[in-house]
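In case you want the letters, here they are:
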Amino acid sequence: MKDYLFPLSIVFYASPLPLLILSGLLLLGLYFRRKTYRIALLIVVCLLSLHWLGNYYLSSKPLANKGNSKILFWNLAKREQLSISSITNQVNVYQPEILAFVEAPHTTLKNLDALKTALSNYNFITLKGAMLVAAKGDITLLDFNLKEDAYKVNLLDISTKTSHIKLMITDLTANVFVNKKAPLEFVVNYAQNNDVDLIVGDFNAPYESTFFKPYESNFTSFHHFSNGFTATWPLGIPLLELDHIWLSKRHEPIKLTKHYHNASDHAMLISDFRLRN
């Protein structure tokens with residue numbers, strides 16, 4: 001079923017595998033004395049657990065780092081202000097060419113000047129839709145699209161010393177009572193029509209969503225290039241993979257690294273990829 005049919009999709013979004021496994025364990029405790037139920041529940045829990053660990057706990061073997069490009073993406077969760085240390089610590093370690101943030105309203109960006117000072121080698125631009133982007137190079141805003149309770153999308157052209165990237169930053173509605181089909185279709189169609197290299201954002205839809213299938217024709221998800229649990233929300237609990245990075249198949253994904261900070265309930269994502277001409 002997944003989320004193909006609306007509003008049955010609400011059940012799908014509310015039933016991630018870890019919750020189904022936990023529910024099975026609770027039922028196992030309740031019906032432990034009944035042999036038939038106990039055996040049936042044990043089988044179901046074991047099968048679900050094997051499927052979860054086999055598909056959502058991954059270990060990638062990245063290629064040599066030479067020549068790789070990097071982007072850092074983070075949902076700032078509309079906090080009171082930027083967590084300067086959380087951002088700068090990871091930037092200093094990974095040295096990404098591009099930084100992209102969503103849920104970054106003006107109230108969160110009240111200490112943006114401090115971040116600009118700390119990362120003086122980056123150019124920063126605040127974007128419509130409560131987004132922020134920074135790059136070690138020139139940033140050109142090409143377009144912005146907004147549909148209330150559906151999507152916010154910024155299209156950018158970014159030129160650095162080593163690369164030229166057309167980037168989409170997306171933030172889709174978190175409202176489970178909104179059918180995700182139209183917003184997700186808009187994003188992939190818009191990306192294909194505009195020859196986008198990289199899509200990053202909070203899609204508020206799990207990787208398992210039926211509506212990600214059209215993405216696979218021209219883009220590669222970093223899901224299979226993760227290390228550890230693929231979930232990105234909430235905090236460090238491996239519940240839902242809501243934040244995604246999709247790379248044009250013209251290029252080569254290398255690996256995805258996640259970091260968790262108290263400054264947001266979403267994981268910070270850093271992806272390595274190799275650009276091809």
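Before any of the text, the structure's been laid out above.
Attention here is on the structure that accompanies the text.

## Remarks on helix H4 (residues 84–94)
All of the buried residues along H4 are Ser86, Ile87, Thr88, Gln90, Val91 and Tyr94. Where H4 is buried, its residues touch strand E2 (69–75), strand E3 (98–102), helix H5 (112–118), strand E13 (252–259) and strand E14 (268–274). Where H4 terminates, the next one or two residues include Gln95, which has phi positive at roughly 55 degrees.

## Description of empty space enclosed by the protein
All told, the structure shown has 1 cavity of 30 Å³ or more when counted by the stated rule. Quantified by volume, the largest cavity comes out at close to 40 Å³. Lining the largest cavity are Ser221, Phe222, His223, Glu241, Asp243, His244, Ile245, Leu256 and Leu269. Sort the elements by how many residues they give to the lining of the largest cavity and strand E12 (residues 243–248) lands first, with 3 residues.

## Some words on the pattern of salt bridges
The full count for this structure, using the stated rule, is 6 salt bridges. The partner of Arg250 in a salt bridge is Asp197, and the shortest N-O contact between them spans 2.6 Å. Here Asp197 lies in the loop between helix H6 (181–193) and strand E9 (198–202) and Arg250 lies in the loop between E12 and E13, a separation of 53 residues in the sequence. Accessibility expressed as a relative area gives 9% for Asp197, which makes it buried. The shortest N-O distance in the salt bridge between Arg274 and Glu252 comes to 3.9 Å. You can see Arg274 sitting in strand E14 and its partner Glu252 sitting in strand E13, a full 22 residues away along the chain. Classification of Arg274 by relative accessible area gives partly exposed; the value is 22%. In this structure, a network of salt bridges that share partners links the residues Asp195, Asp197 and Arg250.

Reading guide: rules and limits
Residues numbered from 1 in each chain as written. Predicted model: local features only at pLDDT ≥ 70, side-chain atom pairs only at ≥ 80, totals over all residues. Heavy atoms only, no water. Buried < 20%, exposed > 50% of the residue type's maximum accessible area, 1.4 Å probe, protein only. Helix = DSSP H or I, 4+ residues; strand = E, 2+ residues; numbered from the N terminus. Contact = heavy atoms within 4.5 Å. 1 Å grid on protein atoms, 1.4 Å probe; cavity = no way out; pocket = protein on both sides within 12 Å on 5 of 7 lines; lining within 4 Å. Points joined across faces, edges and corners; volume = space filled by probe spheres on them. Salt bridge = Lys/Arg side-chain N within 4 Å of Asp/Glu carboxyl O.

In short, shape yes, function no, at least from these values alone.
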